4 protein chains.
Amino acid sequence: MTTAQALTGVIPPVCTPLTPRYEVDTGSLTRLVDHLLDGGVDALFLLGSSSEAAFLPDRHRRVVLETVVGHVAGRVPVLAGVIDMTTLRVLDHVRSAVDAGADGIVATAPFYARTHPAEIRDHFRAIAAAAAGRPLYAYDLPVSVHSKLTPDLVLDLAAEGVLAGVKDSSGDEGGLRSVILGRRDREDIGGFSVLTGSELTVDSALWMGADGVVPGLGNVDPHGYVRLLRSAWAGEWDAARAEQERLLHLFELVTVGRGRMGVSASALGAFKAALFLRGVIEHPTTAPPQTPLDEDEIARVGKYLAAAGLV
Amino acid sequence: MTTAQALTGVIPPVCTPLTPRYEVDTGSLTRLVDHLLDGGVDALFLLGSSSEAAFLPDRHRRVVLETVVGHVAGRVPVLAGVIDMTTLRVLDHVRSAVDAGADGIVATAPFYARTHPAEIRDHFRAIAAAAAGRPLYAYDLPVSVHSKLTPDLVLDLAAEGVLAGVKDSSGDEGGLRSVILGRRDREDIGGFSVLTGSELTVDSALWMGADGVVPGLGNVDPHGYVRLLRSAWAGEWDAARAEQERLLHLFELVTVGRGRMGVSASALGAFKAALFLRGVIEHPTTAPPQTPLDEDEIARVGKYLAAAGLV
Amino acid sequence: MTTAQALTGVIPPVCTPLTPRYEVDTGSLTRLVDHLLDGGVDALFLLGSSSEAAFLPDRHRRVVLETVVGHVAGRVPVLAGVIDMTTLRVLDHVRSAVDAGADGIVATAPFYARTHPAEIRDHFRAIAAAAAGRPLYAYDLPVSVHSKLTPDLVLDLAAEGVLAGVKDSSGDEGGLRSVILGRRDREDIGGFSVLTGSELTVDSALWMGADGVVPGLGNVDPHGYVRLLRSAWAGEWDAARAEQERLLHLFELVTVGRGRMGVSASALGAFKAALFLRGVIEHPTTAPPQTPLDEDEIARVGKYLAAAGLV
Amino acid sequence: MTTAQALTGVIPPVCTPLTPRYEVDTGSLTRLVDHLLDGGVDALFLLGSSSEAAFLPDRHRRVVLETVVGHVAGRVPVLAGVIDMTTLRVLDHVRSAVDAGADGIVATAPFYARTHPAEIRDHFRAIAAAAAGRPLYAYDLPVSVHSKLTPDLVLDLAAEGVLAGVKDSSGDEGGLRSVILGRRDREDIGGFSVLTGSELTVDSALWMGADGVVPGLGNVDPHGYVRLLRSAWAGEWDAARAEQERLLHLFELVTVGRGRMGVSASALGAFKAALFLRGVIEHPTTAPPQTPLDEDEIARVGKYLAAAGLV
């Protein structure tokens, strides 16, 4: 299993297509997986923030896991998010993910409750103990959970064998770099993956020594992110930068709904609208209470796709 | 059903006793309910923040609902919290609560995802539509959900018939008062309950016109909060104030673990330690990842109880 | 000098009238002082947030101090704000205030720099040492300085003789109450003033034991706040509450510019527009970069005045 | 004057050496300037956050400006920070800076008052109008001023001719990149400098297209930052990265006082201790209320210097 080694490359957080009645659209989901595999991605991350995991009931989560794990059939590793408020609730998701055959687990710090760093450490320890040998990745997302995982916390848990890697979506590039250097410097750490979730600075994160990226925009343009990584790995940094800059322009599609709806609804709605316009999924539906994009906003998503050469 | 009228009085958010293996301790839970009813409380609120709802798996939530609804058997209204991130997940909890016989539903704004006020309104509308006629109370808790329910939002949803009341734990007393006056001024609002969750300013909230209180500390000393309300309702404001000041001193027990653990763990741990010391529950166990109080901290809880005349 | 005893009553933060070219309009300023004294206020607070102190150059601050101290001529105590980022800069303002004859000093925690509670304590100690015997009041305003003064910090500095009082504009009524009770309980504290800056909950703050209020809205309607205090002090709490509720409705004038300008500009612009419409000051000018209210917004301020019986 | 063209290279925010009695130590200051010029820096930035501008009275600021402008005598451009709360106060600092002969002005968004983006734009416009032709650089520092300058705001003001550049200390590398690409894409913008204040990601910022860096740590090791820039400009990116990684390890000296003092005191104290240990300045004194480093903490700074090959 690839995840026994350090995880690398492009690992998109797979969007969850929905029917107009808010059920999981499994046909669209398998088409989306094919679209991503066709793009050459290295692994899949289910039930992350871009997957609307925070919006999906448990039964939807199970359908997503079973559908994708079955369809992928071991071609690439499949990671499963276990997003929930605190430990016991998260452990239930861990069991579901393990039962469904996920190859790795991705968990955030606790949220809603106000915790201490010592409790955050215990939280990850309990999850790792329940993961039945699957590698555990910490998901650093202060904008949602309202605490930041410090480099020391991440590195200590790596040294303990609790964490197999981190997905850093904090936007704190200095902190990201501290983890990368700490991993190199500390002899008690081996085989630890550093993945960035900042989809606009992938070339520079790779330059610093990151192993891969978990880009929400990778749903829309997996080929672009794969080209970016392949260029960087080949030492063709100018090509990597040019690809990143094209993707940065494309990323502006997340703003089409701003002002009229939440940041989540605008970004996730735009990703789904783009997948709908590209013919990958059948409905651009997002889960409530997110305001849906209107026709004009969807049309503007189309213009971003055209400008990026995607239609 | 009392909840058809505006809800008033002392409505404690019932702690959830746990066994040392983190199962619901139903024996202790029914003793706690008896302790609260003996104190003269007017209703019970299950699965709120003080109940560790954010820490409890769904099966624990169901056990709590069934145990308490069955044991109370209609003597007082039983409200059920449906705390979760977004709409579809909350709706699952609503169905469980309705099925279990809850008399009312208590819901926060969405969290984790970043939403727009229009989406928060739609969230409450969807919950009310699913509540099968049970009254819906908004739970304003910015410290956990990171958005504040504005007075206009609350009052508009009251006028629409979506909300039957609000539990204001925001600490924003000016906003609380705007809701109280708006309820009085607006002719399109009738029968709306304003409850404060700020347990240190109950006398003044009642003075402003609030209908009741949802005090976490009411688990420890329900008799005290009931005396406070009865005094206020009798116009004996000096007695109400004296009682509030006694309770304010008692409330300092929530600080015993500060520094060493999170704010949630220290407060919830202290409430449970007090109930354990008072002989109401069998174990002071709190759910992970909360750090447990140590013996010294539990002993200090005992001193607060003694100072308040509770042992 | 009254300030040798604990300061009590209505102490408005005096607005700073400006000419259209942003100079201090001293004629309007003395008329405003007369308006406030006519209203029966107990002291004056110059150069606070409602005075636009954050917007005024040092020479404007000196003009304000000299104009008002001279005009008041000892009839009531005059407090001076010394709002600036850190200690040495604040000490310069302290010297100016002492030289100008101010009777007391009002200072916030440091801001802009990121300080530790121990440094905040040292900050207040240095100011008190430089105040030449004038009493020092801590100004708790987290919304501007981004840290909260804890009750323990305030009470410890009171016991040390550093602080003569606190103006609590934090909106944290539980914390306010802890200071009030701590002052009563701790034998090492004497003669300490607790003033609320929350102008919508004055009756309840007095009920809890606060000594007075520093209301921005008191510029517009000093008579109302004085009636409120006098009623409360006479034990006529129903009258105090009715007055507070009238003032709460009037306070909504601060929203007339919201959305189009900052919260500061809308509130301070509305106070000045109200004073202009009442004939107290000559120009409703606010300091840059605040967006001025337009004619429609000023007209709406007029409607709030009419509804409150002030025209 | 170089500043007529876009500003590029290493532009350290010059520390302000103080005597033990908190006066500007002009002898140490000129030695520090010589140390920086010897290191090969491209310009100097006086009175920024690392200069303790927020801690210095106006007379100190004037001494700093006159001392350095006189000593540099045109060898490199000298920029002056004008850090203060709002427009009129900032304009006073602009006049002092222009009078003292500064070659450029650096200003933050307003703080303390709560402003609207339209007011922030007006703030910069007023400063540019008062700068007597000197270029104006926006200083994006949300951690101190609690608002973020959006790429659109920066780019629009660049197109208007208000801003000649930006010093981005926000840590938001996606936003930094949007400004860099916006500058390239928008035909209405020419000659605009993008400088990063994030001293741990300079190689990647240059890689993205930034023009230079304003590193606080550049006081301690100007030669290192100059080597980093020269390597990057020569296309020797591996060497640039190795230098950056060395500096990242060195930067950990800012943590020596953490926990016991504020973040500002620990970082600025460590920079000054390092300059003291390197023999550049006479006293490691920082301005109050910052807690001074103790002997042990200073010794630990020395170990970081030794590890970085600086003693």
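Structure first, text after, so check above.
For clarity, every value in this text was computed on a predicted model and none was experimentally measured.

Thresholds applied
- Residues numbered from 1 in each chain as written.
- Chains lettered and ligands numbered in written order.
- Predicted model: local features only at pLDDT ≥ 70, side-chain atom pairs only at ≥ 80, totals over all residues.
- Heavy atoms only, no water.
- Helix = DSSP H or I, 4+ residues; strand = E, 2+ residues; numbered from the N terminus.
- Rg over C-alpha atoms; globule rule 2.2 N^0.38 Å.
- Buried < 20%, exposed > 50% of the residue type's maximum accessible area, 1.4 Å probe, protein only.
- Contact = heavy atoms within 4.5 Å.
- Areas by Shrake-Rupley, 256 points an atom, 1.4 Å probe, with all protein chains shown as cover.
- Buried area = accessible area lost by both parts, 1.4 Å probe.
- Salt bridge = Lys/Arg side-chain N within 4 Å of Asp/Glu carboxyl O.
- Polar contact = N/O pair within 3.5 Å; in protein donor to acceptor, adjacent residues only side chain to side chain.
- Pairing = 2+ DSSP bridges.
- Axes fitted to C-alpha atoms, helices over the stretch in contact; angles between N-to-C directions.
- Parallel < 35°, antiparallel > 145°, perpendicular 65-115°, else oblique.
- Left-handed = near helix turned anticlockwise from the far one by under 90°.
- Least-squares fit on C-alpha atoms with pLDDT ≥ 70 in both.
- 1 Å grid on protein atoms, 1.4 Å probe; cavity = no way out; pocket = protein on both sides within 12 Å on 5 of 7 lines; lining within 4 Å.
- Points joined across faces, edges and corners; volume = space filled by probe spheres on them.
- Nonpolar A, V, L, I, M, F, W, Y, C, P; charged D, E, K, R; others polar.

Caption draft 1: Structural context of the overall build of chain A. A tally of helices and strands in chain A yields twelve helices and eight strands. The C-alpha radius of gyration of chain A comes to 18 Å, within 12% of the 19 Å expected for a compact globule of 311 residues. In terms of principal-axis extent, the alpha carbons of chain A reach across some 50 × 45 × 40 Å. Within chain A, the proportion of its 311 residues that are buried is 64%. For chain A, the proportion of contacts with a sequence separation of at least 24, taken over those separated by at least 6, is 73%. When the accessible area of chain A is evaluated, it comes to approximately 9900 Å², of which 51% is carbon and sulfur surface.

Caption draft 2: Representation of the interface of chain A and chain B within the structure. Residue-level contacts link 47 residues of chain A with 47 residues of chain B. Taking both sides of the interface into account, the surface hidden between chain A and chain B amounts to around 3900 Å²; carbon and sulfur atoms contribute 57%. For the interface between chain A and chain B, the tally reads six salt bridges. Linking Asp84 of chain A and Arg89 of chain B is a salt bridge whose minimum nitrogen-to-oxygen distance equals 3.2 Å. At the junction of chain A with chain B, the criterion picks out 24 residue pairs in polar contact (both at pLDDT 80 or more).

Caption draft 3: The pairing of strand 4 (residues 104-108) of chain B, seen in detail. Residue and element names in this part refer to chain B. Among the five residues that make up strand 4, five are buried, leaving the element largely enclosed by the rest of the structure. The side-chain alternation of strand 4 yields two buried faces, one formed by Gly104, Val106 and Thr108 and the other by Ile105 and Ala107. Note: strand 3 (residues 78-81) against strand 4, three bridges, orientation parallel. When the bridges of strand 4 are listed, Leu79 appears paired with Gly104.

Caption draft 4: Inspection of unusual backbone geometry at higher detail. Cis rather than trans, the peptide bond between Pro288 of chain A and Pro289 of chain A has omega equal to 10 degrees. Topologically, Pro289 of chain A is positioned in the loop between helix 11 (263-277) and helix 12 (295-307). Here Ala132 of chain B, not a glycine, exhibits a phi torsion of approximately 55 degrees, which is positive. Secondary-structure assignment places Ala132 of chain B in the loop between helix 4 (117-130) and strand 5 (136-140).

Caption draft 5: Seen up close, the pattern of salt bridges. The final tally for this structure, using the stated rule, is 91 salt bridges over all chains. Across the pair Arg89 of chain D and Asp58 of chain C runs a salt bridge whose closest N-O atoms are separated by 2.8 Å. A residue pair is termed interchain when its members come from two chains, as with Arg89 of chain D in helix 3 (residues 87-100) and Asp58 of chain C in helix 2 (residues 58-72). We classify Arg89 of chain D as buried; its relative accessible area is 4%.

Caption draft 6: Examining the packing of helix 9 (residues 222-233) of chain B against helix 10 (residues 237-251) of chain B more closely. Residues and elements named next belong to chain B. Orientation of helix 9 relative to helix 10, taken along the N-to-C sense of each, is 160 degrees, at an axis distance of 7 Å. Considering the angle they form, helix 9 stands roughly antiparallel to helix 10. As for how helix 9 packs across helix 10, the hand of that crossing is left-handed. Contact residues: helix 9 offers Gly224, Tyr225, Arg227, Leu228, Ser231 and Ala232, while helix 10 offers Trp237, Ala239, Ala240, Glu243, Gln244, Arg246 and Leu247.

Caption draft 7: Quick look at the relation of the copies chain A and chain B. Between the two copies, chain A and chain B, the superposition gives an RMSD of 0.0 Å; the rotation angle is 180 degrees and the shift along the axis is 0.0 Å. Taken together, the rotation angle and the small translation identify this as a two-fold axis. Mapped onto chain B, 100% of the interface residues of chain A again fall at the interface, so both copies present the same surface.

Caption draft 8: Region of interest: empty space enclosed by the protein. All names here are of chain B. In total, this model carries nine cavities of 30 Å³ or more according to the counting rule given. What the largest cavity holds in volume is close to 60 Å³. Taken together, Asp140, Lys148, Leu149, Thr150, Pro151, Val154, Val166, Asp168, Gly175, Leu176 and Val179 form the lining of the largest cavity. Residue assignment for the lining of the largest cavity shows that the elements contributing at least two residues are helix 6 (151-159), strand 6 (165-168) and helix 7 (173-185). It is helix 7 that contributes the most residues to the lining of the largest cavity, three residues altogether. When the residues that make up the lining of the largest cavity are grouped by side-chain class, the tally is six nonpolar, two polar and three charged.

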